[in-house]
Amino acid sequence: MTKILNYLWRFWLIILAFVLTIILGLPVYILSLKKSTFKYAHVLIRIWCYGMFFGMGLRYELINLTDKKIDKNTQYVIISNHTSIMDIMLPCILFPNHQLCYVGKKELEKIPIFGTIYKRICVMVDRSSARSRADVYRRCAEKMEEGNSIVLFPEGGVPDDTSVVLDEFKDGAFTLSSKHHSPIAVFTFIGLKEMFPFDNSKGYPGKVKVFFNDILEPTNSPKDLKLSAFETIKKTLTEHS
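Position numbers for residues start from 1 in each chain and track the written sequence from start to end. Where totals are concerned, whole chains, interfaces and linings use all residues; where local detail is concerned, this predicted model gives features only for residues with pLDDT of at least 70, and gives and counts side-chain atom pairs only at 80 or more. Side-chain metrics in this entry use all non-hydrogen atoms of the structure; hydrogen atoms and water are not considered.

Asks: Mind showing me how you'd approach the pairing of strand β5 (residues 148-152) here?
Replies: Here's how the labels work: a residue is buried when its accessible area is under 20% of the maximum for its type, exposed when over 50%, partly exposed in between, all with a 1.4 Å probe on protein chains only. Numbering of helices and strands runs from the N terminus, with a helix taken as a DSSP run of H or I at least four residues long and a strand as a DSSP run of E at least two residues long. Summarising burial for β5: five of the five residues are buried, a large majority. The two faces of β5 match: N148, I150 and L152 on one face and S149 and V151 on the other face are all buried. Here strand β2 (residues 77-80) runs beside β5; their pairing, made up of three bridges, is parallel. Opposite I79, over in β5, you have L152 as the bridge partner. Pairing between two strands is assigned when DSSP locates at least 2 bridges connecting them. Pairing between strand β3 (residues 99-105) and β5: four bridges, direction parallel.

Asks: Would you mind showing me how to read the nonpolar core here?
Replies: Grouped burial of nonpolar side chains is what soluble globular proteins tend to show. Joining through side-chain atoms within 4.5 Å is the link that ties buried Ala, Val, Leu, Ile, Met, Phe, Trp, Tyr and Cys residues into a set, and such a set is a nonpolar core. Counting 42 residues, the largest nonpolar core has L58, I78, L90, F95 and F187 as its most contacted members. Elements supplying a minimum of two residues to this core: α1 (2-31), α2 (38-55), α3 (89-94), β3, α4 (114-121), β6 (184-190), α7 (192-195) and β7 (207-216). Ranked by the residues each element gives to this core, the list is headed by α2, at seven residues. It only takes one pair of heavy atoms within 4.5 Å for two residues to be counted as in contact. With residues near it in sequence (within four places) discarded, L58 still touches W9, F53, M86, L192, M195, P205 and G206. Counting residues in hydrophobic clusters, the runner-up holds 27 residues, among them I150, L166, F174 and F211.

Asks: Can you help me understand the pattern of salt bridges in this one?
Replies: Where charged atoms of side chains with opposite charge meet at close range, the side chains can pair. Put simply, a salt bridge is a Lys or Arg side-chain nitrogen that is within 4 Å of an Asp or Glu carboxyl oxygen. Per the stated rule, a full pass over the model turns up six salt bridges. With a shortest N-O distance of 2.9 Å, K68 and D214 are connected by a salt bridge. Residue K68 is found in the loop between β1 (59-64) and β2, and its partner D214 is found in strand β7; the two are separated by 146 residues along the sequence. Linking R139 and D135 is a salt bridge whose minimum nitrogen-to-oxygen distance equals 3.3 Å.

What follows is the structure, given as structure tokens:
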């Protein structure tokens, strides 16, 4: 019975995503044609994220592990661990006053409608191409000049091995922070891995724990930033999973 309910839940995901994309896709597509209207496209994208996350029966509890506050007038590099396709919804929900630009893999541009919009508003990277990886910094800098905060999952994607608690971090987010003097907002998501990986036949809707770990100030040492962020998220996962 649990397995049947899980497949029904996944089927609902497909219906929900289809309906929301059909309703919001055309206006977002039009608003993404010009940089001057990007901010309006982002409002609709945020609505899409709210609809997907809460429409799937998911909820979240925000737990602050720091006294630092998010400043709505500051541009951040936003990072977290990455365990589920639903992770991408949370930054839009957690940062309602920030225009966000995601850095994601180039393969996503192949998705109908979504891929076209994604290509215009986000920064794509072909991880098999050194040239593409190197060009990410320039394109992210352009996005930040347009008023965006940058969202990066430093693991590079959801680990194929579901037993991996936290995969090795890549350098991108930390190099970007150092080069452009942007603070890093560090979050840890706990619970989505158990609820919604596609290979989990026991997935179920529920409450996600979102830990706001810290805001790391930019330094001249991306390696130190990466180590600090990795250890911070790893400690939270160890203590609260």
